[in-house]
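Commentary on secondary and tertiary structure
Given next are the chains, with one letter for each unit.
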Amino acid sequence: MRALLREARPKQWAKNLLVFAAPGAAGVLDNWSSAWRALVAFAALSLAASGTYFWNDILDVEADRLHPTKCRRPIAAGSVSMSIARAMGSWLLLAGLGLGFVPGWRCGLAVVVYVLVTVSYSVRLKHLAVVDLIAVAAGFVIRAITGAEACGVPMSTWFLLCTSCGSLFIVTGKRYAELREMGDEAGSTRATLNAYTLGYLRIVLSVAVGATLVAYCTWAFDTKEISGSTWPFYELSIVPMLAALLRYLLVLEQGHGSAPEEIFASDRMIQVMGAVWVIVFGLGVYVG
């Protein structure tokens, strides 16, 4: 059971917190009728994501055995048999898909699209340079869309653009860190790393972080105008957002970031900036 739980990667469920982004920004999470829908969407994506992790590791078992850290994953290490992994992966996928339709068919459809994109990535897209970055970033965007559809709240163009560029920034940072960490052996664990160079990925990081900041600033000012608030909370939320982005860039340059979830769980400055952002933006939504 412990090996199965490790293979499900519950730490990765933190990525699914994006389902709360749109309803949180819309100020509806204090309403139970919206909150429970967001929670169900979170659970559906978490189950579906764990199912795709099982299948991804089944397909990547040989490459994972050559990786310095992925070789310890239960399937690669032999702690979970292939037959049990296939059964558990399929069950989790079906459970996530079914649960996704509980808040509504649009939410369910978003979960279906998430699974299709993720499975396509595991089977083919991860072998295509640039496309692999877009595919993983798309998974983050779909998570945000799932939360919006579950609660029936609208998403502005700038919100989607900010989410898209921010996701691309995180994904590119992961590839950048992997390439620095593995060096000449990088291609043996992830084929697309043979196509990338550190210089190219630095350019993409620069474009992505700049676009994220511009999109967020525009979204913050646009939201302020729509809300009619006289308080500067939305504008002030730009400060912790900028600090968090710059801090993550520093972490990447220090040679870390191949596992973003571990950075977010251990880097105190990023955590503090995240908490400050939640408080300041939350004041804009619920007080301003």
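Quick caveat, the model's predicted, so the values are computed rather than measured.

As a further point, take the pattern of salt bridges. Scanning the entire structure with this criterion turns up eight salt bridges. Residues D132 and R175 are paired through a salt bridge, measuring 3.1 Å at the closest nitrogen-oxygen approach. Taken together, the residues span a long stretch of sequence, with D132 in helix α8 (residues 131-151) and R175 in helix α9 (residues 157-182) at a distance of 43 residues. Accessibility classification places D132 together with R175 in one group, the buried group. Ionic pairing is found between E253 and R202, a salt bridge with its closest N-O pair at 3.6 Å. Placement of the pair is E253 in helix α13 (residues 238-253) and R202 in helix α11 (residues 198-227), with a sequence separation of 51 residues. The exposure class assigned to R202 is partly exposed, which follows from its relative accessible area of 37%. Here the salt bridges do not stand alone but share partners, grouping D132, K174, R175 and E178 into one network.

The biggest cluster of nonpolar side chains holds 41 residues, and the ones touching the most others in it are F169, Y216, Y248 and F281. Per element, the largest residue contribution to this core is nine residues, and it comes from α11. Each residue touching Y248, except ones within four places of it in the same chain, is listed here: F169, I170, G257, P260, I263, F264 and I270. Counting residues in hydrophobic clusters, the runner-up holds eleven residues, among them A44, A48, Y53 and V111.

Packing of helix α7 (residues 105-123) against α8 brings their axes to within 9 Å, and their N-to-C directions diverge by 165°. Of the possible angle classes, the one that applies to α7 and α8 is roughly antiparallel. When you trace α7 past α8, the crossing you get is left-handed. Residues R106, C107, A110, V111, V113, Y114, V117 and Y121 of α7 pack against D132, A135, V136, G139, I142, R143, T146, E149 and A150 of α8. Partitioning the contact of α7 with α8 into residue classes produces eleven nonpolar, two polar and four charged.

Moving on, we get to the side chain of T172. As for its placement among the helices and strands, T172 is situated in helix α9. Owing to a relative accessible area of 0%, T172 belongs among the buried residues under this scheme. With residues near it in sequence (within four places) discarded, T172 still touches L133, L201, V204 and L205.

A separate point is helix α15 (residues 268-286). Compared with the 27 Å implied by 1.5 Å per residue over 19 residues, the 26 Å span of α15 between its first and last C-alpha is a close match. Taken together, the buried positions of α15 are occupied by I270, M273, V280, F281, G284 and V285. Buried residues of α15, seen end-on, are gathered within an arc of 140° and therefore sit on one face of the element. Facing away from the buried side of α15 by over 90 degrees, the exposed positions are R268, V278 and I279. In this fold, the buried residues of α15 make contact with α2 (21-26), α11, α12 (233-236), α13 and α14 (260-266). The distance from a side-chain oxygen at the start of α15 to the backbone nitrogen of M269 is 3.2 Å, and the residue carrying that oxygen is D267.

Parameters and conventions
- Residues numbered from 1 in each chain as written.
- Predicted model: local features only at pLDDT ≥ 70, side-chain atom pairs only at ≥ 80, totals over all residues.
- Heavy atoms only, no water.
- Salt bridge = Lys/Arg side-chain N within 4 Å of Asp/Glu carboxyl O.
- Helix = DSSP H or I, 4+ residues; strand = E, 2+ residues; numbered from the N terminus.
- Buried < 20%, exposed > 50% of the residue type's maximum accessible area, 1.4 Å probe, protein only.
- Core = buried A, V, L, I, M, F, W, Y, C linked by side-chain atoms within 4.5 Å.
- Contact = heavy atoms within 4.5 Å.
- Axes fitted to C-alpha atoms, helices over the stretch in contact; angles between N-to-C directions.
- Parallel < 35°, antiparallel > 145°, perpendicular 65-115°, else oblique.
- Left-handed = near helix turned anticlockwise from the far one by under 90°.
- Nonpolar A, V, L, I, M, F, W, Y, C, P; charged D, E, K, R; others polar.
- Expected span 1.5 Å × (residues − 1).
- Arc of directions from axis to C-beta.
- Polar contact = N/O pair within 3.5 Å; in protein donor to acceptor, adjacent residues only side chain to side chain.

These figures capture arrangement, not role.
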